[in-house]
Amino acid sequence: MSVELSKQFNPAEAQKRWYTHWESEGYFHSQKNPDRDAFSVVIPPPNVTGALHMGHALNGTLQDILVRFKRMQGFETLWIPGTDHAGIATQAMVEKRLREEENKNRHDLGRDALVNRIWQWKDHYESRILNQLKQIGCSCDWQRTRFTLDDDCARAVRETFFSLFRDGLIYRGKRLVNWDPHLQTAVADDEVTHEKIEGSLWTFRYPIADSKNHILISTTRPETMLGDTAVAVHPEDERYKHLIGSHVILPLQNRSIPVIADPILVKREFGTGAVKVTPAHDPNDYQCGQRHHLPMINILNTDGSINEQGGPYQGLDRYEARKQIIEDLKELDCVEKIEPYETEVGHSDRSKTPIEPYLSDEWFVRMSDLAQSAMDAVTNGTVELFPERYAKTYLDWLSEKRDWCISRHLWWGHRIPIWYCSTCTESDLKKIFKDSSRVTWNYDENKKQWLISSLDDLSPDALGPDHKLDRDPDVLDTWFSSALWPHSTLGWPDNTDDLDYYYPTNVLVTSRDIITLWVARMVITGLYNCKQIPFHQVYIHPKILDGQGRTMSKTRGNGVDPLNIIQKYGPDALRFSLAHLTTEQQDVRLPVSYECPHCGSLLPQQSEHQELRVINGRKPYLNCSKCKEDYQPSSPNFDPDPDMPIGILVSERFELGRNFANKLWNASRFLLMNLENYTPEPFLVSELPLEDRWILSRLTECCHQVTEQLDQYRFSEATRTLYDFTWNEFCDWYLEIIKPRLQQDDQSLAQNVLAGSLDVLLRLLHPFIPYVTEEIWNRLNQVAKQRGLESPFDHSEAIIIASWPQMPAEWRDQQAETDLFRIQEMVTNIRNIRARFQVPQQTKVSLHLRCSQADIPHLIQSSGHLEKLARATLNRDHIGPEVTRPTATASFTLPGMEGHVPLSGLIDLEAERKRQEEQKTKIDARIQGANKKLSNPNYTNKAPQSVVQQTRDRLADDEKQRDIIITLLEQLSSN
RNA sequence: GGGCGCUUAGCUCAGUUGGCUAGAGCACCAGCUCGACACGCUGGGGGUCACAGGUUCAAGUCCUGUAGCGCCCACCA
């Protein structure tokens, strides 16, 4: 029986067939199995802000490679999928869409309606994201799919908040936060990016009270002067010493403010050496204000406009107010000078608007002890980072132990489980909640109110008709729920079997930009809630950059949909190519082109293409420069019209993977064509012919290497090992060598070795290219269900559940490798000669081989290989120490061997002579170098013996070759 | 300002503890319809490993400095 395969591998068919098969057979599902060790991974839940891009594809691919590898190794393997509600980001996307499409803001809709909208958005993108993961081939346990805002996560969030609050680790405080006036929420420090802005440095005159003099102050933020409550100078500054303690009149506001001395805030050499102090609107001034107990005047509304403290400027936007204030100060002759000045202004990462330092009520997690515990986990090696250098990022950040601002003024997220009451007493609370362990409270002296946290929602009348109970309107930082992900997905706070069996998870695979935001916080909450780290190892993979070297992101619009790549090259090509690019040091730059759907011509993607947006409801088009037809570009910024042809994004980087999958497909096709009459039979590796012992030796080495490389997260090296073995050794040499044996009557042994080695190779490749390997596996099962190296056995129905190969170390065969290497050298040399003198493909040549007596037998044995691979006939009479060079030959030399190929009529002797001269020059240079080394006693004494010996051996080889060439040259010049 | 990383063939990148006669894919040149594969086969050209010093018998690999690029962190009016 034989199996027919198409000439080219069809990825789409295999994908459709096998993914559903794997899923319906339940291979992805995992549950506690006491007989096996667990291997568990939780996915970094992608934000539901939009579709996945290539960065996610890489993340998913690497996890799936590990998961499939471990599953094959016999672990009870669990990969939990899910998505993140991504508070600010998602709400911002929906609000933006609302504004663009309906010209409404969130207040027009109201809280419930907006949240409903976001749920719809979430449903849409969640299913799209999960589908993308499936297309990539991710073998997640879909029965356990989770969402950071689902009921189980909500319970974990509530429980965590409650105990942190009870333990005094959560508090409310007034803090200067990064206010995003556009989104009207505080954003974390980590969500602020600093951008250089060409601004100005204004120098103003502030009149000194009861004097005709003034003091000069410089600022980059003129409008904040409305909130100035002091002017600071350096205590040692002779220019201003006399003014300390006196007052100046704040222009426009006509407010008297003190001149204070502050050596921390003031740098004498900067500007005029005098600084206006605005404690409510600048982090440094805030610190200064605290030191000097200055009043803090907030001059801004939440939307960034000036409030009632701004007097006549009330209602103006902050930048409008700036202009007006400068004009008015000019009127008052208070402007000394204006200089161009470049400053760094914090921008909200989400909305891209400049943030305002803003005094606001926020909730914080006290980090000191928590951060320390997470630092210890890494310093003592309980949690390992790969590559190691990222431990520094992690530790540096945690060591600052800055309290974590966890409140967000948003509607989309986990609502803060805090209720306020200003009217009740503690005895009221005690009476009502008795000794319930599900409610806890403390008193806020500043605000004169009780802060009550509860595990269960409290109704407004929970304290009876006499007391008003208000719930905090805000929600928690997204990272608060993400931080619980490894244990909340396994059932915490319940003490579940899953938690017991799968926690801590084995490895977290993520990208470096969330080491602090996410990884560190998972360690913190894992240790706090479960008393155990969340994962043993963290693998940090590179980032995918666009053609311009910028990271792919949803807001930038430069994300490439992996489904484009899959459509063009197939999922295996996507995976193999991505893994191939995943080295330890480098980010991955990925230039892409739009492929015209009409004629296939390519348009390289530029920044301008990434910026294409829907304008007035019209979706952008591109016009093909070749066929002049229109098409819509594939873009993360909009969904294409259904009836419009789409130009998908393609990249030649994925041809590597596609070609490789196809190569494997065709090698298998060849092999399957030659398995007619296959009958399984045992054999001994040590008794196999040279080429078999050689390929099994190489395969053994390959297997050991790939296993080790995967254990070390060296994805690129693993793919290179497999690529080189499959293509350069298995296909280029082994398959070519054994072709004649497959034509003979006693083909059975060759068939068995072939089936057994393909079997191993497929299993090694499966984690990387699951579809093509599963497809071939299935066909191989049809003709050779029983197969194996040395002893055949029945193989599993599907490769996904096959066992990871283990090859005995004794199958490494150094002699076979040396012998075969010698044949490869001879073949290459003969081919080179054939190419140089353009010997026609069909023309056979003969080979005269001068070599030692000892080499004769195995060279005779290998003459068939020379015949097959180089079309060179090695006659018994033309081999041995006595062989002389016939006339009109091209020749090659190897250490201890010279080969001559008679080419009368074809050869250009002058070219041959020149060639040999070049060879000699090269070898002479090497000999000279080696002699120089060896005559240096420092070298022979200090270098390791093995290195010195290697030099000596090579020198000896080179000298032998040189002697041969010299003789050759003499002969060449004489005939 | 601090930290991390990068600079190797035309392009995109490998190169693990110093032993290298510096590799791969793509592109390039020449030749191949030889029944697995043109998403292929065979052969070939192409690099003073950013620059300048240093350590060493030996440096792409280690150290110092310079230049450029990228990312992260940071309070400079």
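See the structure printed just above.
Residues numbered from 1 in each chain as written. Chains lettered and ligands numbered in written order. Predicted model: local features only at pLDDT ≥ 70, side-chain atom pairs only at ≥ 80, totals over all residues. Heavy atoms only, no water.

(A) Layout of the sheet that holds strand E21 (residues 470-471). Within the open sheet, the four strands sit side by side as E19-E20-E18-E21. Their pairing is antiparallel. Each edge of the open sheet carries a strand with a single partner, namely strand E19 (439-444) and E21. Together, E19 and strand E20 (449-454) form the strand contacts of helix H11 (residues 426-433), whose direction differs from that of E19 by roughly 175°. (Pairing = 2+ DSSP bridges. Helix = DSSP H or I, 4+ residues; strand = E, 2+ residues; numbered from the N terminus. Contact = heavy atoms within 4.5 Å. Axes fitted to C-alpha atoms, helices over the stretch in contact; angles between N-to-C directions.)

(B) A look at the pairing of strand E9 (residues 230-233). Both faces of E9 are covered, namely the face carrying Ala230 and Ala232 and the face carrying Val231 and Val233. Inspection of the sheet shows E9 paired to strand E12 (residues 274-277) by four bridges, in the antiparallel sense. Within E12, the position partnered with Val231 by the bridge is Lys276. As judged from the three bridges shared by E9 and strand E11 (residues 255-261), these two strands associate in the parallel manner. For Val231, the partnering residue across the bridge sits in E11 and is Val259. (Buried < 20%, exposed > 50% of the residue type's maximum accessible area, 1.4 Å probe, protein only.)

(C) Focus on the packing of aromatic side chains. Counted under the stated rule, the structure contains 30 aromatic pairs. The interplanar angle of 55° and the centroid separation of 6.4 Å between the aromatic rings of Trp22 and Phe28 together place this pair among those described as tilted. Per residue, the accessibility class of Trp22 equals that of Phe28, and both read buried. Site record: aromatic cluster; members linked through ring pairs are Phe161, Phe165, Trp363, Trp404 and Phe480. The side chain of Lys739 reaches across the aromatic face of Phe670, ending 5.3 Å from its centre. (Phe/Tyr/Trp six-rings, centres within 6.5 Å; stacked < 30°, edge-to-face > 60°. Lys NZ or Arg CZ within 6 Å of the ring centre and 35° of its normal.)

(D) Local environment of helix H8 (residues 318-331). Here H8 is 14 residues long and its end C-alpha atoms lie 20 Å apart, about the 20 Å a rise of 1.5 Å per residue gives. Within H8 the residues assigned to the buried category are Arg318, Ala321, Arg322, Ile325, Ile326 and Leu329. With its buried residues spanning 135° around the axis, H8 presents them on a single face. Facing away from the buried side of H8 by over 90 degrees, the exposed positions are Lys323 and Glu331. The opening residue of H8, the one whose side-chain oxygen lies 2.9 Å from the backbone nitrogen of Tyr319, is Asp317. Phi turns positive, to about 60°, at Asp333, one or two residues after H8. (Expected span 1.5 Å × (residues − 1). Arc of directions from axis to C-beta. Polar contact = N/O pair within 3.5 Å; in protein donor to acceptor, adjacent residues only side chain to side chain.)

(E) Local environment of the pattern of salt bridges. Counted according to the given criterion, the structure contains 65 salt bridges. As a salt-bridge pair, Arg68 and Asp64 come within 2.6 Å of each other at their nearest N and O atoms. Within this pair, Arg68 and its partner Asp64 are both found in helix H2 (residues 54-72), separated by four residues, close to a single helical turn. Side by side, Arg68 and Asp64 carry an identical accessibility label, which is buried. Two residues, Lys920 and Asp924, come together in a salt bridge whose shortest N-O distance is 2.9 Å. Of the two residues, Lys920 and Asp924 are both situated in helix H27 (residues 909-934); the distance of four residues between them amounts to about one turn of the helix. The network of salt bridges with common partners includes Arg221, Glu223, Arg318, Arg322 and Glu356. (Salt bridge = Lys/Arg side-chain N within 4 Å of Asp/Glu carboxyl O.)

(F) Quick look at the protein's contact with RNA strand B. Lining the immediate surroundings of RNA strand B are 58 residues, of which Gln8, Phe270, Asn284, Arg653 and Lys942 lie closest. When atoms of RNA strand B within 4 Å of the protein are split into backbone and base, the sugar-phosphate part holds 63%. Taking Asn284, its side chain carries an N or O atom lying 2.4 Å from a sugar or linking oxygen of RNA strand B. In the environment of RNA strand B, a base nitrogen lies 3.2 Å from a nitrogen or oxygen atom belonging to the backbone of Ala667. Broken down by element, the residue count for the surface near RNA strand B peaks at 10 residues, all from helix H19 (residues 655-673). Among the residues forming the surface near RNA strand B, the class breakdown is 18 nonpolar, 18 polar and 22 charged. (Near = heavy atom within 4 Å. Nonpolar A, V, L, I, M, F, W, Y, C, P; charged D, E, K, R; others polar.)

(G) Expanded view of the packing of helix H22 (residues 748-765) against helix H23 (residues 770-784). For the pair H22 and H23, the least separation of the axes is 10 Å and the interaxial angle reads 155°. The angle between H22 and H23 places the two elements in the roughly antiparallel class. Handedness of the H22/H23 crossing: left-handed. Facing Ala755, Leu758, Asp759, Leu762, Arg763 and Leu765 of H22, the residues of H23 in contact are Thr773, Ile776, Trp777 and Leu780. Its residues placed into classes, the contact of H22 with H23 shows seven nonpolar, one polar and two charged. (Parallel < 35°, antiparallel > 145°, perpendicular 65-115°, else oblique. Left-handed = near helix turned anticlockwise from the far one by under 90°.)

(H) Highlighting the packing of H19 against H22. Contact geometry of H19 with H22 gives a least axis separation of 11 Å together with a crossing angle of 160°. By the criterion of interaxial angle, the relationship of H19 to H22 is roughly antiparallel. In this structure, H19 crosses over H22, and the sense of that crossing is left-handed. Seen from H19, the contacting residues are Phe660, Leu664, Ser668 and Leu671; seen from H22, they are Leu754, Ala755, Leu758, Leu761, Leu762 and Leu765. For the contact of H19 with H22, the residue count by class is nine nonpolar, one polar and no charged.

In short, geometric facts, not functional conclusions.
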